[in-house]
Amino acid sequence: MSCGDPHDTECGEVLDHLYEFLDNEMAEGDCAKLRVHFEECSPCLEKYGLEQAIKALIKRSCGCDDTPVDLRTKVLARIDSIRAGQRAAAAAAAQGGDGPAPGHGAPATAAAE
(Lines give C-alpha, C1' and ligand atoms only; values in the text may rest on other atoms or scores of the structure.)
Protein backbone atom coordinates (compact mmCIF):
# COMPACT_ATOMS: atom_id res chain seq x y z
CA MET A 1 0.00 0.00 0.00
CA SER A 2 1.32 3.41 -0.91
CA CYS A 3 0.02 6.75 -2.04
CA GLY A 4 2.89 6.94 -4.55
CA ASP A 5 4.51 9.92 -2.86
CA PRO A 6 7.95 9.71 -1.24
CA HIS A 7 7.98 9.75 2.58
CA ASP A 8 10.69 9.88 5.22
CA THR A 9 9.24 6.62 6.55
CA GLU A 10 8.18 4.12 3.87
CA CYS A 11 4.60 2.82 3.82
CA GLY A 12 5.80 -0.76 4.23
CA GLU A 13 7.69 0.09 7.41
CA VAL A 14 4.68 1.93 8.80
CA LEU A 15 2.37 -1.01 8.11
CA ASP A 16 4.92 -3.48 9.53
CA HIS A 17 4.76 -1.62 12.85
CA LEU A 18 1.09 -0.65 12.82
CA TYR A 19 0.04 -3.06 15.59
CA GLU A 20 2.93 -1.97 17.81
CA PHE A 21 1.72 1.60 17.32
CA LEU A 22 -1.91 0.67 18.07
CA ASP A 23 -0.85 -1.22 21.20
CA ASN A 24 1.40 1.62 22.45
CA GLU A 25 4.43 -0.68 22.28
CA MET A 26 6.73 1.72 20.41
CA ALA A 27 9.21 4.32 21.58
CA GLU A 28 7.84 7.86 21.39
CA GLY A 29 10.27 8.82 18.62
CA ASP A 30 9.03 5.95 16.46
CA CYS A 31 5.42 6.86 17.24
CA ALA A 32 6.10 10.43 16.12
CA LYS A 33 7.48 9.15 12.78
CA LEU A 34 4.31 7.14 12.21
CA ARG A 35 2.07 10.09 13.13
CA VAL A 36 3.89 12.27 10.59
CA HIS A 37 3.48 9.54 7.99
CA PHE A 38 -0.26 9.25 8.68
CA GLU A 39 -0.61 13.02 8.17
CA GLU A 40 1.06 12.68 4.74
CA CYS A 41 -0.35 9.38 3.50
CA SER A 42 -4.09 8.86 3.28
CA PRO A 43 -3.95 5.11 2.37
CA CYS A 44 -1.89 4.37 5.49
CA LEU A 45 -4.14 6.62 7.59
CA GLU A 46 -7.16 4.72 6.26
CA LYS A 47 -5.54 1.38 7.14
CA TYR A 48 -4.69 2.71 10.61
CA GLY A 49 -8.30 3.84 11.13
CA LEU A 50 -9.65 0.48 9.99
CA GLU A 51 -7.34 -1.50 12.28
CA GLN A 52 -8.12 0.85 15.17
CA ALA A 53 -11.87 0.31 14.63
CA ILE A 54 -11.44 -3.47 14.46
CA LYS A 55 -9.40 -3.46 17.66
CA ALA A 56 -12.09 -1.38 19.42
CA LEU A 57 -14.83 -3.74 18.19
CA ILE A 58 -12.95 -6.79 19.45
CA LYS A 59 -12.37 -5.12 22.80
CA ARG A 60 -16.07 -4.33 23.14
CA SER A 61 -17.14 -7.79 22.03
CA CYS A 62 -14.58 -9.93 23.81
CA GLY A 63 -13.16 -7.69 26.51
CA CYS A 64 -15.00 -9.37 29.35
CA ASP A 65 -14.04 -12.95 28.48
CA ASP A 66 -11.46 -14.54 30.74
CA THR A 67 -8.46 -16.19 29.17
CA PRO A 68 -8.70 -19.98 29.58
CA VAL A 69 -6.21 -21.18 32.20
CA ASP A 70 -4.75 -23.86 29.91
CA LEU A 71 -4.13 -21.31 27.13
CA ARG A 72 -2.42 -18.94 29.56
CA THR A 73 -0.26 -21.81 30.86
CA LYS A 74 0.75 -22.85 27.33
CA VAL A 75 1.62 -19.29 26.31
CA LEU A 76 3.72 -18.70 29.43
CA ALA A 77 5.49 -22.06 28.94
CA ARG A 78 6.26 -21.12 25.33
CA ILE A 79 7.68 -17.77 26.42
CA ASP A 80 9.86 -19.52 29.01
CA SER A 81 11.02 -22.00 26.36
CA ILE A 82 11.98 -19.22 23.94
CA ARG A 83 13.82 -17.31 26.66
CA ALA A 84 15.72 -20.45 27.67
CA GLY A 85 16.73 -21.00 24.05
CA GLN A 86 17.89 -17.40 23.79
CA ARG A 87 19.94 -17.71 26.99
CA ALA A 88 21.51 -20.95 25.72
CA ALA A 89 22.35 -19.34 22.37
CA ALA A 90 23.84 -16.29 24.09
CA ALA A 91 25.93 -18.50 26.37
CA ALA A 92 27.14 -20.56 23.40
CA ALA A 93 28.00 -17.39 21.48
CA ALA A 94 29.88 -16.01 24.47
CA GLN A 95 31.93 -19.22 24.58
CA GLY A 96 32.51 -19.11 20.83
CA GLY A 97 30.19 -22.05 20.10
CA ASP A 98 27.76 -22.41 17.23
CA GLY A 99 24.44 -22.59 19.10
CA PRO A 100 21.11 -21.75 17.51
CA ALA A 101 20.45 -18.13 16.65
CA PRO A 102 18.69 -16.13 19.38
CA GLY A 103 14.96 -16.77 19.28
CA HIS A 104 15.44 -20.03 17.37
CA GLY A 105 16.35 -22.36 20.22
CA ALA A 106 12.95 -23.97 20.71
CA PRO A 107 10.55 -25.54 18.21
CA ALA A 108 7.43 -23.58 17.33
CA THR A 109 5.02 -26.41 18.10
CA ALA A 110 3.85 -25.36 21.55
CA ALA A 111 1.88 -22.38 20.23
CA ALA A 112 -0.07 -24.59 17.82
CA GLU A 113 -1.26 -27.01 20.50
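Described in the following lines is the structure provided in the data block. Bear in mind the structure is a predicted one, so any value in this text is a computation, not a measurement. Along each chain, residues carry numbers from 1 onward, in the same order as the chain's sequence is written. Totals for whole chains, interfaces and linings use all residues, but because this is a predicted model, local features are given only for residues with pLDDT of at least 70 and pairs of side-chain atoms are given and counted only at 80 or more. For side-chain calculations, the full set of non-hydrogen atoms in the structure is used, while hydrogens and water are omitted.

1. Some points on the overall build of the protein chain
So, step 1. Looking only at helices and strands, one finds 5 helices and 0 strands in the protein chain.
So, step 2. To qualify as a helix, a DSSP run of H or I must reach at least 4 residues; to qualify as a strand, a run of E must reach at least 2; elements of each kind are numbered from the N terminus. The secondary structure elements of the protein chain, listed N-terminal to C-terminal, are α-α-α-α-α.
So, step 3. For the exposure calls, accessible area comes from a 1.4 Å probe over protein chains only, and a residue counts as buried if that area is under 20% of its type's maximum, exposed if over 50%, partly exposed in between. Here the protein chain holds 113 residues, and 19% of them are scored as buried.
So, step 4. Per element, the accessible surface of the protein chain, about 8200 Å² overall, is 55% carbon and sulfur. A 1.4 Å probe and the Shrake-Rupley method give the accessible areas. Residues count as covered only by the protein chains that appear here.

2. A closer look at the state of the cysteines
So, step 1. In this description, the term disulfide denotes a pair of cysteine sulfurs within 2.5 Å. Counting across every chain of the model gives 0 disulfides.
So, step 2. Unpaired in terms of disulfides, Cys41 finds its nearest cysteine sulfur in Cys44, a separation of 3.6 Å.
So, step 3. Using a relative accessible area of 0% as the deciding quantity, one classes Cys41 as buried.
So, step 4. For Cys44, a relative accessible area of 0% corresponds to the buried category.

3. Description of the pattern of salt bridges
Where charged atoms from two side chains of opposite charge come close, those side chains can pair.
So, step 1. For salt bridges, the criterion is a side-chain nitrogen of Lys or Arg within 4 Å of an Asp or Glu carboxyl oxygen. Here the structure, examined in full by the defined rule, presents 4 salt bridges.
So, step 2. For Arg35, the salt bridge is made with Glu28, and the minimal N-O distance between the two is 2.9 Å.
So, step 3. Judged by relative accessible area, Arg35 falls into the partly exposed class, the value being 37%.

4. Let's talk about helix α5 (residues 69-94)
So, step 1. Given the number of residues in a helix, its expected span is that number minus one, multiplied by 1.5 Å. Along its 26 residues, α5 runs 37 Å from first to last C-alpha, staying within 8% of the 38 Å computed at 1.5 Å per residue.
So, step 2. Residues of α5 that are buried: Arg78, Gly85, Ala89 and Ala92.
So, step 3. Directly beyond the C-terminal end of α5, a positive phi value near 85° is found at Gly96.

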